[in-house]
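Each chain, written out:
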Amino acid sequence: INSNNSGSGTSASNIISVTQVGDSSTATVTMLGTLNTLTASQTGNNSAFVGNISGTGNTATVTESGGTANSTTITQTGDSGTATVTTVGASNTTSISQSGGSAGHMATVSITGSSNTTSITQSGTSADSVVNIVGSGSGNTFTIISNTR
């Protein structure tokens, strides 16, 4: 967990909570800015979480259970973004990238099954985008790119 270890930028009033149950799981968190909240809970072996958050008022929530080798990456570089990931199953990969936004982009992913891949990219500053993905089954791929110009 790196909250301004480099000494550049500001890191204040941020909340980081990571809980991992199982063997060989990893969490890498880099957070700058103020009033950001990150909560990650992973149950299962060989799971990975990467969070890169900078800005003000961002919220990232990850809950993974029911299997092994799940991987989630969340990158938020704007203000007031919200990313929520819930996966139940094994070998699921989720990536959410949020940048810009006027009042904050919002992404919600809820996956039940195994070997699913979800990728969401939200960018732009003229408006916000809202993405909701609900998937059930195995081997599905979801790719959403939203640019509010």
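Residues numbered from 1 in each chain as written. Predicted model: local features only at pLDDT ≥ 70, side-chain atom pairs only at ≥ 80, totals over all residues. Heavy atoms only, no water.

Trainee: Go over the overall build of the protein chain with me, naming the residues and quoting the values.
Mentor: Along the protein chain, the regular secondary structure elements total zero helices and 13 strands. In sequence order, the protein chain lays out its α and β elements as β-β-β-β-β-β-β-β-β-β-β-β-β. For 149 residues, the compact-globule formula gives about 15 Å, and the C-alpha radius of gyration of the protein chain, at 15 Å, lands near that figure. Projected onto the principal axes, the alpha-carbon positions of the protein chain cover approximately 40 × 35 × 15 Å. The buried share of the protein chain, reckoned over its 149 residues, is 36%. At a minimum sequence separation of 6, the contacts of the protein chain that also span at least 24 residues come to 28%. By element, 50% of the accessible surface of the protein chain is carried by carbon and sulfur atoms, the whole surface being about 6600 Å². (Helix = DSSP H or I, 4+ residues; strand = E, 2+ residues; numbered from the N terminus. Rg over C-alpha atoms; globule rule 2.2 N^0.38 Å. Buried < 20%, exposed > 50% of the residue type's maximum accessible area, 1.4 Å probe, protein only. Contact = heavy atoms within 4.5 Å. Areas by Shrake-Rupley, 256 points an atom, 1.4 Å probe, with all protein chains shown as cover.)

Trainee: Describe empty space enclosed by the protein, naming the residues involved and giving the relevant values.
Mentor: Enumeration over the complete set of coordinates arrives at one cavity of 30 Å³ or more. Estimated volume of the largest cavity: approximately 30 Å³. Residue lining of the largest cavity: Asn58, Gln76, Gly78, Asp79, Gly81, Gln98, Ser99, Gly100 and His105, and that is the complete set. (1 Å grid on protein atoms, 1.4 Å probe; cavity = no way out; pocket = protein on both sides within 12 Å on 5 of 7 lines; lining within 4 Å. Points joined across faces, edges and corners; volume = space filled by probe spheres on them.)

Trainee: Which residues make up the sheet that holds strand β1 (residues 11-12), and what are the values?
Mentor: A sheet is described by the order of its strands in space; here seven strands give the open sequence β1-β3-β5-β7-β9-β11-β13, paired in parallel fashion. Two strands close off the open sheet at either side, each with one partner strand: β1 and β13 (141-147). Pairing between strand β9 (residues 93-98) and strand β11 (residues 117-123): six bridges, direction parallel. Its bridge partner lying in β11, Thr93 is registered against Thr117. (Pairing = 2+ DSSP bridges.)

Trainee: Could you give me a rundown of the side chain of Thr87, with the residues and numbers involved?
Mentor: As for its position among the elements, Thr87 is in strand β8 (residues 82-88). Looking at Thr87, the relative accessible area reads 1%, which means it is buried. For Thr87, the contacting residues outside a window of four places in its chain are Thr63, Glu64, Ser65, Asn70, Asn92, Thr94 and Ile111.

Trainee: Residues and numbers for the sheet that holds strand β2 (residues 15-21), please.
Mentor: Taken together, the six strands give an open sheet; going across it, the order is β2-β4-β6-β8-β10-β12, and neighbouring strands pair in parallel fashion. The open sheet has two edge strands, β2 and β12 (130-136), and neither has a second partner. The average undirected angle you get between the axes of adjacent strands in this sheet is 0°. Of the pairings in the sheet, the one linking β8 to strand β10 (residues 106-112) comprises seven bridges and is parallel in character. Residue pairing in the sheet places Thr84 in a bridge with Thr108 of β10. (Axes fitted to C-alpha atoms, helices over the stretch in contact; angles between N-to-C directions.)

Trainee: Account for the environment of Ser123, with residues named and values stated.
Mentor: Relative to the helices and strands, Ser123 resides in strand β11. According to the relative accessible area criterion, Ser123 is buried, its value standing at 18%. A C-alpha to C-alpha distance of 32 Å links Ser123 and Gly67, two positions 56 residues apart in sequence.

Trainee: An account of the pairing of β10 is requested, with residue identities and associated values reported.
Mentor: Burial along β10 is one-sided: the residues Ala107, Val109 and Ile111 are buried and none of Met106, Thr108, Ser110 and Thr112 is. Sheet topology note: the β10/β12 ladder contains seven bridges and is parallel. Looking across to β12, one finds that Ile111 is bridged to Gly135.

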